[in-house]
Amino acid sequence: MEPIVLTHGGAGAPASAKDGADAAAHRGLEEGDALAMALAATCVLEDDPRFNAGTGANYRLDGETIELDASVMTSDGRSGAVACLERVQHPILVAARVRERTPHLLIAGGGATAFARRQGFPDYDPGTKERRSHLERARALLLQRRFAEPGFEAWQILAERDEVKALWNFSTDYPGDTVGAVTRDESGAFAATASTGGTLFTLRGRVGDSPLIGCGVFAGPRGAVACTGAGEEIVRRFLAKTVYDALARGNGARATIDAALAEIPAAIPMGILAVTSTEHAHGCNREMPVGVAARPKVAPAPRRG
Ligand code: GLY
């Protein structure tokens, strides 16, 4: 089967960052199996400070903390995830260790950071000046609208959906959401990844879709799916599993993604990548840098004589 890597730099990230998604896809394609391809590609995305994952991840509203969520799933059903992990360069590799070396699916908070250290991941500050100034603009907006109190320890806004949705349109320079990849290797195995600093308006300790299997990612024998966008909305819809199930029923990848996105209110950023044995597709209701790298099978040389 033709190996392929699809990557994205997050719903709402500028299309001008496509070179970063392309570089990640091509790096992934250098690896041999679907899992290694997805992890290598995601590390490149995490190292690119333009994207909201790893280096350049969003700060939480407290202004101090960067909490990283990541997950990986392979088509054999095995998965690993971390949530609210702190001070690690490549959260996706910590999620992969959870998959490989523990009987667990998800490790969170201080336990995740301690696990990372025990696994040899050194202390690393993923913060950047750009993200800090972004956060300051976001905090000023929240105070101006009286949606939060100084201290940012609780929301003032009601859980009214329309008010929550309005948050997404607050910032015209929204830095983008979760990054991720889907891969298919020569043997027909699949993998999906997600890695994020969480949404821009996020309380410390909040967990989104990215580390939740079936929400931010899903992979099975029929393909792999990675989602990006407003985590609460993705979780409500079990979006990755919902898309996977449609693909497994034989629906086309393009039509499946278009149908899923058509159900998302326009105010909410949302993007999806999918790959199956025969197809791949992506879609987003915002700008989203996407990279695709594939290795066509080399046809055997014709026999002479
Ligand atoms: N999609 C990333 C998040 O909501 O945290």
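Residues numbered from 1 in each chain as written. Predicted model: local features only at pLDDT ≥ 70, side-chain atom pairs only at ≥ 80, totals over all residues. Heavy atoms only, no water.

## Examining helix H1 (residues 18-29)
Condition: Elements are defined by DSSP. Helices are runs of H or I of four residues or more, strands are runs of E of two residues or more, and each kind is numbered from the N terminus. Here, expected helix span is obtained from the residue count minus one, scaled by 1.5 Å. Three exposure classes are used, based on accessible area relative to the maximum for each residue type with a 1.4 Å probe and protein chains only: buried under 20%, partly exposed in between, and exposed over 50%. For this analysis, residues touch if any pair of their heavy atoms sits within 4.5 Å.
The first and last C-alpha atoms of H1 sit 17 Å apart over 12 residues, in line with the 16 Å expected at 1.5 Å per residue. Taken together, the buried positions of H1 are occupied by Gly-20, Ala-21, Ala-24, Ala-25, Gly-28 and Leu-29. The elements touched by buried residues of H1 are strand E1 (4-8), helix H2 (34-47) and strand E11 (290-294).

## Focus: the sheet that holds strand E10 (residues 280-284)
By definition, the strands of a sheet pair up through backbone hydrogen bonds, in either a parallel or an antiparallel sense. The following threshold applies: A pair of strands is treated as paired once DSSP finds two or more bridges between them. Lines fitted to C-alpha atoms define the axes here, with helix axes fitted over just the stretch in contact, and angles between the N-to-C directions of these axes take values from 0 to 180 degrees.
Strand order in this open sheet of four strands is E7-E8-E9-E10, and the pairing throughout is antiparallel. Only two strands of the sheet have a single partner each, and these edge strands are strand E7 (217-220) and E10. With strand direction ignored, the average angle separating the axes of adjacent strands in the sheet is 5°. Against the sheet, helix H8 (residues 239-248) makes contact with E7, strand E8 (223-229) and strand E9 (270-275), and its axis sits at roughly 145° relative to E8, the strand it touches most.

## Some remarks on the pattern of salt bridges
Rules: Salt bridges, as used here, are contacts in which a Lys or Arg side-chain nitrogen is within 4 Å of a carboxyl oxygen on Asp or Glu.
Within the structure shown, the criterion is met by 19 salt bridges. Glu-100 serves as the salt-bridge partner of Arg-101, at 3.9 Å between the closest nitrogen and oxygen. Residue classification places Glu-100 among the partly exposed positions, given a relative accessible area of 41%. Among the ionic pairs, Arg-117 bridges to Asp-123, the shortest N-O distance being 3.3 Å. The exposure class of Arg-117 is partly exposed, given its relative accessible area of 31%. When salt bridges with common partners are traced through the structure, they connect Glu-233, Arg-236, Arg-237 and Glu-263 into a single cluster.

## Some thoughts on the site of the ligand
Applicable threshold: Definition of nearness: a residue and a molecule or strand are near each other if at least one heavy atom of the residue lies within 4 Å of the molecule or strand. We call two N or O atoms a polar contact when they sit within 3.5 Å, provided that within protein one can donate a hydrogen and the other can accept it, with sequence-adjacent residues counted only if both atoms are side-chain atoms. Each accessible area value is a Shrake-Rupley result obtained with a 1.4 Å probe; residue values ignore everything except the protein chains displayed when judging cover. Residues are grouped as follows: Ala, Val, Leu, Ile, Met, Phe, Trp, Tyr, Cys and Pro are nonpolar; Asp, Glu, Lys and Arg are charged; all remaining types, including Gly, are polar.
What surrounds the ligand is the set Asp-177, Thr-178, Thr-196, Gly-198, Thr-199, Arg-206, Gly-208, Asp-209, Ser-210, Gly-229 and Gly-231. At 2.7 Å from a nitrogen atom of the ligand is found a main-chain nitrogen or oxygen belonging to Gly-229. The backbone of Gly-231 places a nitrogen or oxygen atom 2.8 Å from an oxygen atom of the ligand. In the complex, the protein chains occlude 100% of the 200 Å² of accessible area that the ligand would expose alone. Classifying every residue of the shell around the ligand by side-chain character gives no nonpolar, eight polar and three charged.

## What about the nonpolar core?
Applicable threshold: For our purposes a nonpolar core is just a set of buried Ala, Val, Leu, Ile, Met, Phe, Trp, Tyr and Cys residues, chained together by side-chain atoms within 4.5 Å.
Within the largest apolar cluster, 36 residues are counted, with the highest numbers of intra-cluster contacts made by Val-182, Ala-224, Val-225, Leu-239, Val-243, Met-270 and Ile-272. Where this core is concerned, the elements lending two or more residues are E1, strand E6 (190-196), E7, E8, H8, helix H9 (253-262) and E9. Ile-272 has contacts with Val-225, Ala-226, Leu-239, Val-243, Ile-257, Ala-260, Leu-261, Ala-281, His-282, Gly-283 and Met-288, leaving out every residue within four places of it along the chain. Leu-35, Cys-43, Ala-70 and Phe-201 belong to the second-largest nonpolar core, a separate cluster that totals 31 residues.

## A few points about the sheet that holds E6
With mixed pairing, seven strands are arranged side by side in an open sheet as E4-E3-E2-E6-E5-E1-E11. Whereas interior strands pair on both sides, the edge strands pair on one side only; in this sheet they are strand E4 (106-108) and E11. Between one strand axis and the next, the sheet turns by 5° as a mean value, whatever way the strands run. Running at roughly 30° to E11, H1 makes contact with E1 and E11 of the sheet.

## Topic: unusual backbone geometry
We note that Cys-84 has phi near 50°; this positive angle belongs to a residue other than glycine. In this structure Cys-84 comes out as buried when scored by relative accessible area, which is 7%.

## Considering the pairing of E10
On E10, burial follows the alternation: Ala-281 and Gly-283 on one face are buried, whereas His-280, His-282 and Cys-284 on the facing-out side are not. One ladder, built from five bridges, connects E9 with E10; its direction is antiparallel. Its bridge partner being in E10, Ile-272 is matched across the sheet by Gly-283. Between E9 and E10, which follow one another and run antiparallel, lie four residues.

## Observations concerning the side chain of Asp-177
To keep it simple, the criterion reads: In this charge count, Lys and Arg are treated as positive and Asp and Glu as negative; neither His nor the chain ends contribute.
Take Asp-177: it is sitting in the loop between helix H6 (161-167) and strand E5 (179-184). Among buried charged residues, Asp-177 stands out as having no salt bridge; its nearest opposite-charge side chain is Arg-206, 6.6 Å away. Only 3.2 Å separates the side chain of Asp-177 from the side chain of Thr-228, close enough to count as a polar contact. With residues near it in sequence (within four places) discarded, Asp-177 still touches Gly-9, Gly-10, Ala-11, Asn-52, Thr-196, Thr-199, Thr-228 and Gly-229.

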